[in-house]
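Commentary on secondary and tertiary structure
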Amino acid sequence: MFPPAPNPPVAPTQAKFGDKDLIRRSASTITPASPRQTEVAKLIDVSKCIGCKACQAACLEWNNLHEEIGTFNGTYTNPPDLTPASFTLMRFTEWVNPETDNLEWLIRKDGCMHCEDPGCLKACPAPGAIVQYSNGIVDFVHENCIGCGYCIKGCPFNIPRISKVDNKAYKCTLCSDRVAVGQWPACAKACPTQAIAFGTKAEMTKWAEGRITDLKSRGYKNAGLYDPPGVGGTHVMYVLQHADKPEIYAGLPNNPRISPVVEIWKGVTKYVGFGFIGLAAVAGVLHHLVAGANRVSAEDEANAEKLTGSDRS
Amino acid sequence: MTNSWTDIKNTDLVVIMGGNAAEAHPCGFKWVTEAKATRGAKLVVVDPRFTRSAAVADYYAPVRQGSDIAFLNGVINYCIQNNKVQWEYVKNFTNANYLVKDGFTYQDGLFTGYDAEKRDYNRSTWDYQIGPDGYAMVDDTLQNPRCVWNLLKEHVSIYTPDMVSRITGTPKDKFLKVCEMIGECSSPTKTMTSMYALGWTQHSKGSQNIRTMAMLQLILGNIGVRGGGMNALRGHSNIQGLTDIGLMSNLIPGYLTLATEREPDLATYMSTRGFKPLRPNQMSYWQNYKKFFVSFQKAMFGPAATAENSFAYDWLPKMDVPSYDILRAFELMKQGKMTAYFCQGFNPLQAFPNKAKLAEALGKLKLLVIMDPLETETARFWENHGIYNEADPAKIQTEVIQLPSTCFAEDEGALVNSGRWLQWHWPGGSPPGEAKSDVWIMSQITLRLRALYQKEGGAFPDPILNLTWNYKDPNEPTPSELAKEMNGYVVSDVADPNDPTKKLLEAGKQLSGFGVLRDDGSTACGNWIYSGSFTEAGNMMARRDNSDPGDTGAYSNWSFSWPANRRILYNRASADINGKPWDDTRKLLWWDGAKWTGYDIPDIAPASKPQDVGPFIMNPEGVSRLFARGMMREGPFPVHYEPFESPVANAIAPKVRGNPVARVFKDDFAQFAEVASPDFPYAATSYRLTEHFHYWTKNNHVNSVLQPEFFVEISEELAKEKGITNGGWVRVWSKRGSVLAKAYATKRIRPMTVDGKTVHIVGIPIHWGFVGAAKKGFGANVLTPFVGDANIETPEYKAFCVNIEASTGPAVA
Amino acid sequence: MTTPYDIEKGDGVHKGHPVTVDRYTLAARINHWITAISLILLALSGMALFHPKLFFLTVLFGGGQATRAIHPWIGVVLFFSFAGLFLRFWKANLWKSEDGTWLRRIRDVLAGHEERLPELGKYNAGQKFVFWGMSFLIIVLICSGFAVWDQYFYQFTTIPQKRVAILVHAMAAVAIICVWIIHVYAAIWVRGTIGAMTKGQVTGGWAWRHHRKWLRELVGKRTKGTPAE
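Predicted model only: the values in this text are computed from it and were never measured.

1. With respect to the packing of helix 14 (residues 326–334) of chain B against helix 16 (residues 355–362) of chain B
All names here are of chain B. Orientation of helix 14 relative to helix 16, taken along the N-to-C sense of each, is 55°, at an axis distance of 8 Å. In terms of orientation, helix 14 lies oblique with respect to helix 16. Read as a crossing pair, helix 14 and helix 16 show a hand that is left-handed. Where helix 14 abuts helix 16, its residues Phe330, Met333 and Lys334 lie against Lys357, Leu358, Glu360, Ala361 and Leu362. For the contact of helix 14 with helix 16, the residue count by class is five nonpolar, no polar and three charged.

2. Focus on the confidence of the model for chain C
Residue and element names in this part refer to chain C. Residue-level pLDDT values for chain C average 92, and 96% of them are 70 or greater. Low pLDDT (under 50) marks residues 225–229, which in the prediction has two contacts with non-local residues, meaning those over four places away or in another chain. Complex prediction metrics read pTM 0.93 and ipTM 0.93.

3. Overview of unusual backbone geometry
The omega torsion of the bond from A:Ser34 to A:Pro35 falls at 0°, within 30 degrees of zero and hence cis. Residue placement: A:Pro35 occurs in the loop between strand 1 (22–25) and strand 2 (40–45). The linkage connecting C:His17 with the following residue, C:Pro18, adopts the cis geometry, with an omega of -5°. For C:Pro18, the position within the fold is in the loop between strand 1 (12–14) and strand 2 (20–22). One non-glycine residue, B:Ser284, lies in the positive phi region at around 40°. Considering the arrangement of structural elements, one finds B:Ser284 in the loop between helix 12 (266–271) and helix 13 (289–301). When the 20 C-beta atoms within 10 Å are taken as the criterion, B:Ser284 is described as buried. For B:Tyr570, which is not glycine, the phi torsion reads 60° and is therefore positive.

4. Some words on helix 1 (residues 26–50) of chain C
Between its first and last C-alpha atoms helix 1 of chain C spans 35 Å; for 25 residues at 1.5 Å apiece the expected length is 36 Å, and the two agree. Along helix 1 of chain C, the residues that are buried comprise C:Ala28, C:Asn31, C:Thr35, C:Ser38, C:Leu39, C:Leu42, C:Ser45, C:Gly46, C:Met47, C:Ala48, C:Leu49 and C:Phe50. Summarising the contacts, the buried residues of helix 1 of chain C are in contact with helix 8 (268–291) of chain A together with helix 2 (64–89) and helix 7 (159–189) of chain C.

5. So, helix 16 of chain B
Residues and elements named next belong to chain B. When helix 16 is considered as a whole, its buried residues turn out to be Lys355, Lys357, Leu358, Ala361 and Leu362. Across the axial projection of helix 16, the buried residues extend over an arc of 160°, all falling on one side. The elements touched by buried residues of helix 16 are helix 14, helix 15 (348–351) and strand 13 (367–372).

Definitions and limits used
- Residues numbered from 1 in each chain as written.
- Chains lettered and ligands numbered in written order.
- Predicted model: local features only at pLDDT ≥ 70, side-chain atom pairs only at ≥ 80, totals over all residues.
- Axes fitted to C-alpha atoms, helices over the stretch in contact; angles between N-to-C directions.
- Helix = DSSP H or I, 4+ residues; strand = E, 2+ residues; numbered from the N terminus.
- Parallel < 35°, antiparallel > 145°, perpendicular 65-115°, else oblique.
- Left-handed = near helix turned anticlockwise from the far one by under 90°.
- Contact = placed C-beta atoms within 7 Å.
- Nonpolar A, V, L, I, M, F, W, Y, C, P; charged D, E, K, R; others polar.
- pLDDT = per-residue confidence, 0-100.
- Buried ≥ 20, exposed ≤ 12 C-beta atoms within 10 Å, placed from the backbone.
- Expected span 1.5 Å × (residues − 1).
- Arc of directions from axis to C-beta.

And the structure:
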């Protein structure tokens, strides 16, 4: 058994990380904190998950979120999508394995993956609205958020949601407030089967290896760890029975990366765009220096007068 | 549970059938994932639906609801035919070698002695041949055709894989695959655990469902061993405590039974209860019955219970019927014979079958008292909630009194979990508003009733006036005071017979365990099986030492496990006849040459020689029973009976409808759909969902978010056939009522082929009602039939028949 | 006879020293300046969200949240305001053969050798380029803008569509700022032009020099309409 989640400290505890530990800050140039803290990770073992939604309930409770009571929509996935008040969501997929013709009920806990190279942060125009700590946690700082929704466009996993109430972006924080005082994220603490484990990224990767070996022994020959390199790896990882087909797990991207469109938008466009604008302005100034003003001459006025007959009046 | 939740980690094969542990017991299910992860255990799920448990299973086989006995008898037949039997165990620890009376036979679904008029058996032939020495006769060679083993072999022989598939709808190859996986566990070094719950109990033959698996487990040698056992997963956090403490109409604490009206005195009462051993050297623990009973009476009536008045035997009620179970209670209510009803911590309008009948019955009461922390449908049965509760308040004269009570998290006390652990807990918050603890409320009722009797007298004041009430604050006894009383204490000094100067027991001290109980009135004990839980050493239930020497999963210093802090029942069976553990890697107890030793408390006397005393000490045989004698009303061997409402006739006994000995009230029989009724062609079942706890959590916002609205589950095939869209509205109706629900057309339910006929399944979760935070909806009990298990009257919620059609949904106001 | 394509409502010539020419009505000028202010505000707020170095510009609008909220609304104002300009000016901005000649002689244009250019109507090809460029880009901007106006229109587009939209929006914004720079510079460089959008009038000499054909047409129209004194 993986060691169980620790109980909360009784005495007040100094936060283990904070502003001094940032390695990225949206729309800001900072010197990444050094040395880096040990990278943390949450490991979601889909093969152990029973879809009980304790994680969802714990998330709502810990973060004091008020999700609406919806309706039944022909699936156990409730609410039907992530919302500003649902940072995490169990997504249920009924998948018939074409190789065995057996039904598999794939249950994936969706939520922020805490990418090493976070697309949301890259897209964010508001200085300090999205930060990444040196332990890998990507956090939204709501007082700096302007609600533009660029993070939604930057995210390769379709995670952030903008609140209609305060027009700010919300997503899983990896319970940075809990982790800062040595606690596991609320979802991991609540998980009854340790389908969600938490620790250092190295520990989680190693733990996953054991799980993958077990799954392979049970006939899941493509079992594997989902830690996509396209985003530099993630700080939320999945153990999947069918790691060769992540898309069957309610559309988990096969090879997620920050969209090239976003890269162009936040990269070359920014520089080339201002280049063009600058060029246009400079061209004007230069032209004026070289060509001088285009003035109307007295002759022109005379011609006009002549044409209109003003000279005769 | 014979074992404990933590012990499940020791298993090699988990069979979840008649339950859905991942869905309904997610916290305990961690021990299944633990067994899978660390032991490489396999998980098999057999269920009509592909459940959340099936989602993490290694193998899933569908089975039609209500056909479990056919399936399991088929597995037993497979094991016998393929020599998948733990022979040493069967020969030494079961009654396989016992000879059965010659008059006992089985034919066409019925055993000897059936009386169709009474719906009951004369069970006199269902017993052993008794030899001249007064003991049961045995044949250790198993050659005698009248020995239990040969009768069993014959009995299950009709349950061939083809017949099983024909009855259950399980494809033959899947059935055989499950047989193969289970059969492997006949090895002494491989164990299987059975995890079941209401999927087996809520049938008109629920007890026999469980018994069939217990027999299979005995044949495989899996009872009393680590990672084995029959593990009933209890649904409420303290429902195990409820049965332990005897909150049934016919029980008193510790599984002692109330007297019947044919037992006018203590001697007659005791004559059928203190079983004499049926084999030499056996403990037959019920021989101590009188000690438990007298000590209970002393706890109840203190000095007023004396040897002279047979320890106040007359002050206990005597039963005129087998039981006043819930179904009978509501029948009596409906007949106007029961006029006041106290409803403490439950919600019968949602929880019992046939809501229309329940509402009618409640409307005939003069007084209904509700003690509950929550607003319940029962408390509001008289209120009109449109289609969800079409009551007419003007026509209901029942006076309803709601007494708000505290919730578990606001109380101190012990909860008994499925593994029989009494875990003490402390309040996490203060009760809101006027809420009072159940103890306070009941104390007030008791004290005020007593005052009335003192003032006004009454027909029979003795039991009320003589009830002991020695609490520091009579208005509200503390949980510790009550727990100490249940553990028991010494009433008067008992001298050591060998040295009269010494005291064996000293008056006023807490008892160390039920071993010291006496039948002379010198000890008092509220519940003998809890004795040892609150001793002179303190509150054993409050222990929180989670060390586990040997990594056995026993956790013996965590809380208290009844009986006697024993973690695995029948644990002597974990070793062979010579006291050597079956599996060296999974040792539990062993004979060290002089005594039994190991990781658990032996259930036989530590010095009893291995070859002498059998492990099943509660049976006068000392062994377990493959042949149940007269203990089960349907018969000594399990037989497949169809549910009372079934889409097909019984393939093995076409003339037998339902369980032939189940009690059915006259009016209710008229409300059953005919067998294979074209009006109600679909096989329905009801069940729970992880997101909710019964009818409580719909009062909670978060739970209501996670599963907001009533729905029913059907196969994609049936949806297509009936023009039902996924997520659209449907109407579902049985002969008793009609509901509107959202439809979930799912791949997790598939049509089955039963007896050559396609049977569609309709799944109905139970969690919605007309009060609470979630969307208003119907309870599944609007549809379910009013019939219970033949032995213990658990209602048949799991198998009934309905019809279904697409609907436009409720009219929008 | 029909009115020449490039004569707009209110265009007219007044004799005098110098001759004055009515180029824009008061309504057209108000319309223009609403458009101009909108465009400038959009450029400022847009650039604040486009480049972190310019995020400080959000203070002009009351902070980041306000900037984000107000930018699309200004866009709507711009769109309708420009639509007004479009209806006023589109006809005079139709492409004519002399525009081709003008373009081929762009060196002379830039050097100020207008005597080497053909006589032009109310707008030269450069102005027409600005007009059509603005028209096209504003359509692109309003469409792509709606696609990323998540506060009200989130559900109408997919995220990949939003990504393309926001890239297009950014590129179109750059383009329109460049067009705007050309527009403003041209107005400054060609002295006497700004008066057209402030007072509504230019001098006859200005019209003679830059839009002689238009001037001739106006004179002709006046001659026809009002007999010579």
